[in-house]
Amino acid sequence: MRIGRTLSCLVWLALASAAPACHPKAVEAPYAVGQAPSSEALLAAASPRISALQVSSAKVRINRSPAANLMFLAQRPARFSGQVQIAGRELVSLAFHEQGYALRNVAADGLPAGFYAGPPADCAIRRLIGVPFSTTELIDLVLGGSPRIAGPVEVVEQRWDRRTGHEVIRLRTPSAEQELRFAWVSGAWWVAGSTLWTKNGKGELTRLWSLLHADLRPVASTVLPESTRISRPDGRKDQKVSISYRSQIPNPDLGDANATAEPEDEGWEDEDTAASDDGDGDTAAPGPAAPAKIPAQFILDGAGLDPRGDLCRR
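To keep things clear, this report deals only with the structure shown in the data block.

Reading the values: the criteria
- Residues numbered from 1 in each chain as written.
- Predicted model: local features only at pLDDT ≥ 70, side-chain atom pairs only at ≥ 80, totals over all residues.
- Heavy atoms only, no water.
- Helix = DSSP H or I, 4+ residues; strand = E, 2+ residues; numbered from the N terminus.
- Buried < 20%, exposed > 50% of the residue type's maximum accessible area, 1.4 Å probe, protein only.
- Contact = heavy atoms within 4.5 Å.
- Areas by Shrake-Rupley, 256 points an atom, 1.4 Å probe, with all protein chains shown as cover.
- Pairing = 2+ DSSP bridges.
- Salt bridge = Lys/Arg side-chain N within 4 Å of Asp/Glu carboxyl O.

1. Comments concerning the overall build of the chain
Counting secondary structure elements, the chain contains 5 helices and 16 strands. Counting every position in the chain, which comprises 314 residues, the buried fraction comes to 38%. Intrachain contacts of the chain at a sequence separation of at least 6 include 48% that bridge at least 24 residues. Accessible surface, the chain: about 18,200 Å² in total, of which carbon and sulfur atoms supply 53%.

And the structure:
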């Protein structure tokens, strides 16, 4: 008994003596005193520096649920197509673009199985991950940037966080505040995290969400996180989404993703058009621009699923 107690004490002492070494060392700023980056430069760095990203292999975990496989293709400003699988079996797929959205729910909890589709809307994103991101904000996030509060902002604080090694900037509008964090990687500033709060009439702040881009490292010609974590308050606990990337291809070849539908040539002209060509009439006003051609990569169909209509009108 005494031997056991002695061993326990030795183990405790060893752990206690090692405890200080577990504390992270302070990280010094990558600039001299008085040479901090300007707030304008940091805010510019909050936007993604790539136009598209293909992720063919990633792991996604929502709260403590088992990790699932995630693959997606994202293109600025608002095109996305992704699927979540377990053991190669589709659970849910989501695609959206400037003309609408589609969602295939095969086996995800919390929503009847079926095919949902409708005009452009953000509700499908909220139903899937529970965070009030718009389509453009989600694209900015997965491309390595961060959503930004809208409108003119006041910079109320800027500092170097020696514990995390981040340059931190705090923004304020009449209705919200946002903290943006930046890491110095490969000779430039990159978004490392962000938190958004809303403000009520008394000036009290309520956190809406937080995100962290962890382990930033060079990928091809850009810098991307090894993992992204998103959290939002839900009562006394946080709802959390964690994505760990295994394969990231910046600016993949998307073929005709930027093509625009050409007006059809009917092969004939009416009298008014002929008169205009001869200079005897007014020049016809140009018609509306043809809608963008949506590439097949961003289109889902409802094969094998019951049609459920527009999720955002339920």
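Now that the structure is up, let's keep going.
2. What about the pairing of strand E14 (residues 227-234)?
When strand E11 (residues 205-214) meets E14, the two strands line up antiparallel, connected through 5 bridges. Counterpart to Leu212 in the pairing with E14 is Arg229. Looking at chain direction, E14 and strand E15 (residues 237-250) are connected through 8 bridges and run antiparallel. Paired with Arg232 across the two strands is Gln239, which belongs to E15. Linking E14 to E15, which pair antiparallel, is a turn of 2 residues; within it Gly235 sits at a positive phi near 70°.

3. Describing the pattern of salt bridges
Pairing of side chains with opposite charge becomes possible as their charged atoms draw close. Tallying each qualifying case throughout the model produces 14 salt bridges. A salt bridge links Asp140 to Arg76; the shortest N-O distance between them is 3.6 Å. Of the two residues, Asp140 sits in helix H4 (residues 135-142) while Arg76 sits in the loop between strand E2 (68-75) and strand E3 (79-86), which places them 64 residues apart along the sequence. One salt bridge connects Glu226 with Arg217, and the closest N-O pair in it is separated by 3.8 Å. Several salt bridges converge on common partners, so that one network encompasses Glu157, Arg159, Asp161, Glu179 and Arg181.

4. Quick look at the pairing of E2
A large share of E2 lies buried, amounting to 6 of its 8 residues. In this antiparallel pair of consecutive strands, strand E1 (residues 52-62) and E2, the connection spans 5 residues, and Asn63 shows a positive phi of 55°. Note that E2 and E3 share 7 bridges and pair antiparallel. Across the sheet, the residue bridging to Leu73 is Ser81, located in E3. What sits between E2 and E3 in their antiparallel hairpin is a turn of 3 residues.

5. Concerning H4
Of all 8 residues that make up H4, 6 are buried, and the element is covered over most of its length. Inspection of H4 places Thr135, Leu138, Ile139, Asp140, Leu141 and Val142 among the buried residues, and these make up the whole buried set.

6. Describing unusual backbone geometry
Following Arg76, the chain continues into Pro77 via a peptide bond in cis, with omega recorded as 0°. One can find Pro77 in the loop between E2 and E3. Even without glycine at this site, Ala87 takes up a positive phi of about 55°. Along the chain, the position of Ala87 falls in the loop between E3 and strand E4 (89-97).

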